[in-house]
Amino acid sequence: MDGDPAVEPELDSFSLVLPLPYRVALIIVLGVWAWGLNLHYLHLVKIDVPALIRYPSRNSHTEAPHHLSTYRLATLLTFPLALSLLFFWLVTHGDASAVLRWEILPNIYLLVLVIAFFVPIKRVSRGGRYRTLAILKRISIGGIAEAHDGKFGDILMADVLTSYAKVLGDLFVALCMFFSPGKSSTAKPDRSCGGQYMVPLIIAIPSLIRLRQCLIEYRRVRKRNAKSGGIGSHGWGGQHLANALKYSSAFPVIILSALQRGYDPTKIGMSEAGLFRLWLFFVFVNSFYSFYWDVAKDWDLSLFSSSRERNNPEHPWGLRRHRYFHTKEIYYGVIVMDLMLRCTWSFKLSPHLDHFNDLEGGIFLMELLEVFRRWIWIFLRVETEWVRNDRSPPVDDILLGDFGPKIDED
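From a predicted model like this one, the values you see are computed outputs, not experimental measurements.

1. A few points about the overall build of the chain
On a plain count of helices and strands, the chain comes out with 17 helices and 0 strands. Here the C-alpha atoms of the chain give a radius of gyration of 23 Å, agreeing with the 22 Å that 2.2 N^0.38 yields for 410 residues. By the burial criterion, 48% of the 410 residues in the chain qualify as buried. Here the analysis covers contacts within the chain between residues at least 6 apart in sequence; of these, 69% occur between residues at least 24 apart. Summed over its atoms, the accessible surface of the chain is roughly 20,500 Å², and 65% of this surface lies on carbon and sulfur atoms. Averaging the positions of the 45 positive and the 39 negative side-chain charges in the chain gives two centres separated by 8 Å.

2. Brief notes about the packing of helix α2 (residues 20–44) against helix α9 (residues 165–179)
The interhelical angle for the contact between α2 and α9, taken along N-to-C directions, is 145°, at an axis separation of 9 Å. In this structure, α2 meets α9 at a crossing whose hand is left-handed. Here Leu 20, Pro 21, Val 24 and Ile 27 of α2 lie close against α9, whose contacting residues are Val 167, Asp 170, Leu 171, Val 173 and Ala 174.

3. What about the packing of aromatic side chains?
What describes a pair of aromatic rings is the distance from one ring centre to the other and the angle between the planes of the rings. Considering all chains together, one arrives at 17 aromatic pairs under this definition. Here Tyr 41 and Phe 379 contribute two aromatic rings whose centre-to-centre distance is 6.0 Å and whose plane-to-plane angle is 85°, an arrangement assigned as edge-to-face. Note that Tyr 41 is positioned in helix α2 and Phe 379 in helix α17 (residues 360–388), a separation of 338 residues in sequence. Among the aromatic residues, those joined into a cluster by ring pairs are Tyr 41, Phe 325, Tyr 331, Phe 372, Trp 375 and Phe 379. Sitting over the face of the ring of Trp 377, Arg 374 holds its NZ or CZ atom 4.4 Å from the ring centroid.

4. Considering helix α14 (residues 272–298)
In this model, α14 (27 residues) spans 36 Å end to end at C-alpha, consistent with the 39 Å of a helix rising 1.5 Å per residue. Where α14 ends, the next residue or the one after it, Asp 300, has phi of about 55°, a positive value.

5. Focus: the state of the cysteines
Here the structure, examined in full by the defined rule, presents 1 disulfide. Paired by a disulfide, Cys 176 and Cys 193 hold their sulfur atoms 2.0 Å apart. Taking the sign of the S-S torsion, about -80° here, the bridge from Cys 176 to Cys 193 comes out left-handed. Taken together, the residues span a long stretch of sequence, with Cys 176 in helix α9 and Cys 193 in the loop between α9 and α10 (198–228) at a distance of 17 residues. The exposure class assigned to Cys 193 is buried, which follows from its relative accessible area of 4%.

6. Overview of the packing of α14 against α17
It is the contact of α14 with α17, at a shortest axis distance of 10 Å, that shows an interaxial angle of 25°. By the angle between their directions, the pair α14 and α17 is classed as roughly parallel. Across from Asp 294, Lys 297 and Asp 298 in α14, the residues of α17 making contact are Arg 373, Trp 377, Arg 381, Thr 384 and Arg 388. Partitioning the contact of α14 with α17 into residue classes produces 1 nonpolar, 1 polar and 6 charged.

7. Topic: a nonpolar patch on the surface
Judged by side-chain polarity, Phe 87, Leu 90, Trp 102, Ile 104, Ile 108 and Val 112 come together as a nonpolar surface patch covering roughly 510 Å² of accessible area. For the nonpolar patch, the leading source of residues is helix α6 (residues 104–116), giving 3 residues. When you line up the elements, Ile 104 lands in helix α6.

8. Structural notes on the nonpolar core
Within the largest apolar cluster, 45 residues are counted, with the highest numbers of intra-cluster contacts made by Leu 11, Tyr 22, Ile 27, Val 29, Leu 77, Leu 81 and Tyr 109. Looking at this core element by element, the count peaks at 7 residues for α2. With residues near it in sequence (within four places) discarded, Leu 11 still touches Leu 16, Ala 96, Val 99, Leu 100, Thr 186, Ala 187 and Lys 188. Residues Val 45, Val 49, Ile 53 and Val 387 belong to the second largest nonpolar core, which totals 32 residues.

9. Notes on the UniProt feature "transmembrane region" (unreviewed entry) in the chain
UniProt records the feature "transmembrane region" (unreviewed entry) at residues 20–37, 73–92, 104–121 and 275–293, using the numbering of this structure. In residues 20–37, helix accounts for 100% and strand for 0%; the two terminal C-alpha atoms are 26 Å from one another. Counted over residues 104–121, helix gives 72% and strand 0%. Its end C-alpha atoms are 26 Å apart.

10. Concerning helix α11 (residues 238–248)
Looking only at α11, the buried set comprises Gly 238, Asn 243, Ala 244, Lys 246 and Tyr 247. Of the surrounding elements, those touching the buried residues of α11 are α8 (151–163), α10, α12 (250–261) and α14.

11. Some remarks on the side chain of Ser 84
With respect to the helices, strands and loops of the structure, Ser 84 is situated in helix α4 (residues 66–92). Looking at Ser 84, its side chain comes within polar contact range of the side chain of Tyr 22, at 2.6 Å. Those residues in contact with Ser 84 that sit more than four places away from it in its chain are Tyr 22, Leu 105 and Tyr 109.

12. Brief notes about the environment of Asp 159
With respect to the secondary-structure elements, Asp 159 resides in helix α8. Taking relative accessible area as the criterion, Asp 159 reaches 4% and is therefore assigned buried. In this structure the C-alpha to C-alpha distance between Asp 159 and Arg 210, which are 51 residues apart in sequence, comes to 7.1 Å. The residues touching Asp 159, leaving out its near neighbours within four places in the chain, are Arg 210, Tyr 247, Arg 374 and Trp 377.

Reading the values: rules and limits
Residues numbered from 1 in each chain as written. Predicted model: local features only at pLDDT ≥ 70, side-chain atom pairs only at ≥ 80, totals over all residues. Heavy atoms only, no water. Helix = DSSP H or I, 4+ residues; strand = E, 2+ residues; numbered from the N terminus. Rg over C-alpha atoms; globule rule 2.2 N^0.38 Å. Buried < 20%, exposed > 50% of the residue type's maximum accessible area, 1.4 Å probe, protein only. Contact = heavy atoms within 4.5 Å. Areas by Shrake-Rupley, 256 points an atom, 1.4 Å probe, with all protein chains shown as cover. Lys, Arg positive; Asp, Glu negative; His and termini not counted. Charge placed at Lys NZ, Arg CZ, Asp CG, Glu CD. Axes fitted to C-alpha atoms, helices over the stretch in contact; angles between N-to-C directions. Left-handed = near helix turned anticlockwise from the far one by under 90°. Phe/Tyr/Trp six-rings, centres within 6.5 Å; stacked < 30°, edge-to-face > 60°. Lys NZ or Arg CZ within 6 Å of the ring centre and 35° of its normal. Expected span 1.5 Å × (residues − 1). Disulfide = S-S within 2.5 Å. Parallel < 35°, antiparallel > 145°, perpendicular 65-115°, else oblique. Nonpolar A, V, L, I, M, F, W, Y, C, P; charged D, E, K, R; others polar. Patch = residues over 30% accessible without salt bridge, like charges linked within 9 Å, V, L, I, M, F, W, Y side chains within 5 Å. Salt bridge = Lys/Arg side-chain N within 4 Å of Asp/Glu carboxyl O. Core = buried A, V, L, I, M, F, W, Y, C linked by side-chain atoms within 4.5 Å. UniProt positions renumbered as here; feature names shortened; annotations may be inferred. Polar contact = N/O pair within 3.5 Å; in protein donor to acceptor, adjacent residues only side chain to side chain.

This is the structure in C-alpha cells:
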C-alpha cells in the first residue's frame, strides 16, 4: 500500500527493522532449530526420542539421524528467510513508507514456509514433516492418540503450541491486516483486527486443545477401570482432571487481558485498577500452578514432595534417583529458570517496566523467552518419560561420553 501519513508515524524503530510477519516467521524457524538441538543432545545421552513418540526408526546406518534431518529442514527454512530479510532491508532502508509498500516480501516468505512442509523432498526430513502435519491435524480439535500410536508425541506438540499461543495470535493479526483493505501487515500491529475478541480466541486455542486431551485421558482411565471392575494402576484419573484445571486457569488471564486492552467502564462495570488486580490474581494462580506442575508432574522431581522424599539419600535434595544429565546443578538451574520465565508478568508491577509488554520489541522478546523456556522444558520432559518407561540405566552405565563420565547418581 502507499505510505499513509496516519499510519507511518506509529511505526516504531523495531517494526521498521523487523515487521510483524518476519517476527512470526523467525520464531517458527527458531523453533525448528530448537527441536533439532533437542533431538541431538538427547541422542547423545542415549535417550531414544523417536521411540518415545512412536516415530519409525532408521532402517539403515546410511540414513541420516533424525536430528540431522531436522537441521536440514531448518537450513532449508533459514536460507530463504535470510535472503528475504536482506532484500527487505535493502529496499526499505528503514523508511516507513517503503516498509508499508513492501509488505508482500514477508508474506511471500510465510507462504514459502507453509509450502516447505508439503514439498516431497526426502532428504529434508520428509517423514518428519508429514508426521508433524498428521499430528497437527489430529490435535487441532483436541484429539490424542493411544499410547501405542504416539500419544506422547501428541502431548509434546500440544504443549509446544501453548508456548506459541501469542505467536499464533500475531500470525492471525499479520494475515488479517494483509487482507484488510487500507491496512498493511508491516504497519503497527492492530491486535483488534477481526474484532476485539478474535485474537484472544486464537491465543486460547492451544489451551483448549490440551484441556480436551486431558478430559479424553480421564475418560479413558475411567473406561479401563470400569472394564476391570476396580481402580487400575493409573488411579481413578484425578491427575488428568487436575491437569485440565491447570490449562483452564489460562482462560481468565486471556479474557481479562482482552478486557484491559479495550477497557470500557460503561460495559465492564469495574474500575481499571480492580480489573488489573483481578487479572493479577488469575495470572498468579496460572503461573505458579503451571510451575508446580512442571516440577512435580512433568519432571517427576521431588521438590514439592514430602520432606522424606525430598531428602531421600538416593538422590540430591529435591530431585529424583534416575537422571541422564550429568550434574544436579543443571536441574536446579532449570527449575529457577522455569520459575523466572513463568513470572515475566511481574514486569507490569514495576513502574519502570509496566509498559514493557506493550512495546513491540518487548512483546517479541517475551515470545522468544517463552519459546526458549519450552525448549528447555522439553529436555527434562522427554528424559522423565524415558525413565517412566523403565529404560533407566544401571547406576554405573556410561551414557555421556565426552559430556561426563556417568549418569549423575550422587
